Amino acid sequence: QKEVEQDPGPLSVPEGAIVSLNCTYSNSAFQYFMWYRQYSRKGPELLMYTYSSGNKEDGRFTAQVDKSSKYISLFIRDSQPSDSATYLCAMTGGNQFYFGTGTSLTVIP
Amino acid sequence: EAGVAQSPRYKIIEKRQSVAFWCNPISGHATLYWYQQILGQGPKLLIQFQNNGVVDDSQLPKDRFSAERLKGVDSTLKIQPAKLEDSAVYLCASRNPGISGNTIYFGEGSWLTVV
């Protein structure tokens, strides 16, 4: 079983839609959770960082962590064409980082 | 604050040739990582440094890959000889828990094509 599972998509939505991206994990020691956005031919850019369970909001982005279900989500409200990218989830217990395979998102104008 | 710097951005080489990538982490970040990312996959850790010491190189193919961080700041990753399956983007990342918490920051990557 992989440490982190992420649906690779691709996901295609119309502009203005709400997007939900998800990851599941197996290691209960993970405490820190991240979402990265990666544009084509670019390195991953940190989007959201959360500790333990709960929600964190930043503009149109909301990160949600449910440690009891070992499930994390990223919600994008009012999606824009500029949100078209690959989204990687990542997590750590403090030293090693584990990444999902990325979900490719296209927002159609 | 300057981000993680990497060079070259793009490189095309023939199989069995050698290539070297350079990385300068964010100032003050003691931990430096090299990841390999193949198209459609998540980053795979190759090596982790803490200052100038190796913390984890268990997934580094040591028969062809080498990395160093001699002065505990910038780092070089070398591949010799290259194989077709080494075509990937090589990402350098850095971290300092006292500054950036338990998260890491990536550079733009060095894109390698082996033909």
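Residues numbered from 1 in each chain as written. Chains lettered and ligands numbered in written order. Predicted model: local features only at pLDDT ≥ 70, side-chain atom pairs only at ≥ 80, totals over all residues. Heavy atoms only, no water.

Chemist: Describe the overall build of chain A, with residues and values.
Modeler: On a plain count of helices and strands, chain A comes out with 0 helices and 11 strands. Reading chain A from its N end, one meets helices and strands in the order β-β-β-β-β-β-β-β-β-β-β. On C-alpha atoms alone, chain A measures out to a radius of gyration of 13 Å, which is about the 13 Å that the 2.2 N^0.38 rule sets for 109 residues. For chain A, the spread of C-alpha atoms along the three principal axes comes to 40 × 25 × 20 Å. With 109 residues in all, chain A has 41% of them scored as buried. Considering only contacts within chain A whose residues lie at least 6 apart along the sequence, 54% involve residues at least 24 apart. For chain A, the accessible surface area stands at approximately 5100 Å², while carbon and sulfur atoms represent 48% of it. (Helix = DSSP H or I, 4+ residues; strand = E, 2+ residues; numbered from the N terminus. Rg over C-alpha atoms; globule rule 2.2 N^0.38 Å. Buried < 20%, exposed > 50% of the residue type's maximum accessible area, 1.4 Å probe, protein only. Contact = heavy atoms within 4.5 Å. Areas by Shrake-Rupley, 256 points an atom, 1.4 Å probe, with all protein chains shown as cover.)

Chemist: Please give an account of the pairing of strand β5 (residues 45-51) of chain A that cites residues and values.
Modeler: All names here are of chain A. When strand β4 (residues 32-38) meets β5, the two strands line up antiparallel, connected through 6 bridges. Note on β5: the bridge partner recorded for W35 is M48. With antiparallel pairing between neighbouring strands as the criterion, β4 and β5 make up a hairpin whose turn holds 6 residues, including R41 at a positive phi of roughly 65°. (Pairing = 2+ DSSP bridges.)

Chemist: I'd love a proper account of the interface of chain B and chain A, names of residues and values included.
Modeler: Often, the extent of an interface is quoted as the loss of accessible area on bringing the components together. The interface is formed by 23 residues belonging to chain B together with 19 residues belonging to chain A. Summed over both sides, the interface between chain B and chain A buries roughly 1700 Å², with carbon and sulfur atoms accounting for 52% of that surface. On inspection of chain B and its partner chain A, the count reaches 1 salt bridge. Looking at the side of chain B that touches chain A, the elements that each hand over two or more residues are β4 (31-37), β6 (53-56), β9 (88-95) and β10 (105-106) of chain B. Sort the elements by how many residues they give to the side of chain B that touches chain A and β4(B) lands first, with 3 residues. Classifying every residue of the side of chain B that touches chain A gives 10 nonpolar, 9 polar and 4 charged. (Buried area = accessible area lost by both parts, 1.4 Å probe. Salt bridge = Lys/Arg side-chain N within 4 Å of Asp/Glu carboxyl O. Nonpolar A, V, L, I, M, F, W, Y, C, P; charged D, E, K, R; others polar.)

Chemist: Lay out unusual backbone geometry with the relevant residues and their values.
Modeler: For the bond from G9(A) to P10(A), the omega torsion is 5°, close enough to zero to count as cis. Mapping P10(A) onto the fold places it in the loop between β1 (4-6) and β2 (11-14). Between S7(B) and P8(B) the backbone carries a cis peptide bond, its omega angle lying at -10°. Tracing the backbone through its elements, the reader meets P8(B) in the loop between β1 (5-7) and β2 (10-13). Here the phi dihedral of R41(A) falls at roughly 65°; this positive angle occurs in a residue that is not glycine. Locating R41(A) in the fold gives a position in the loop between β4 and β5. Taking the relative accessible area as the measure of exposure, R41(A) reaches 43% and is therefore partly exposed. At D78(A), a residue that is not glycine, the phi angle is positive and equals roughly 45°. The residue D78(A) is located in the loop between β8 (71-76) and β9 (85-92) in this model.

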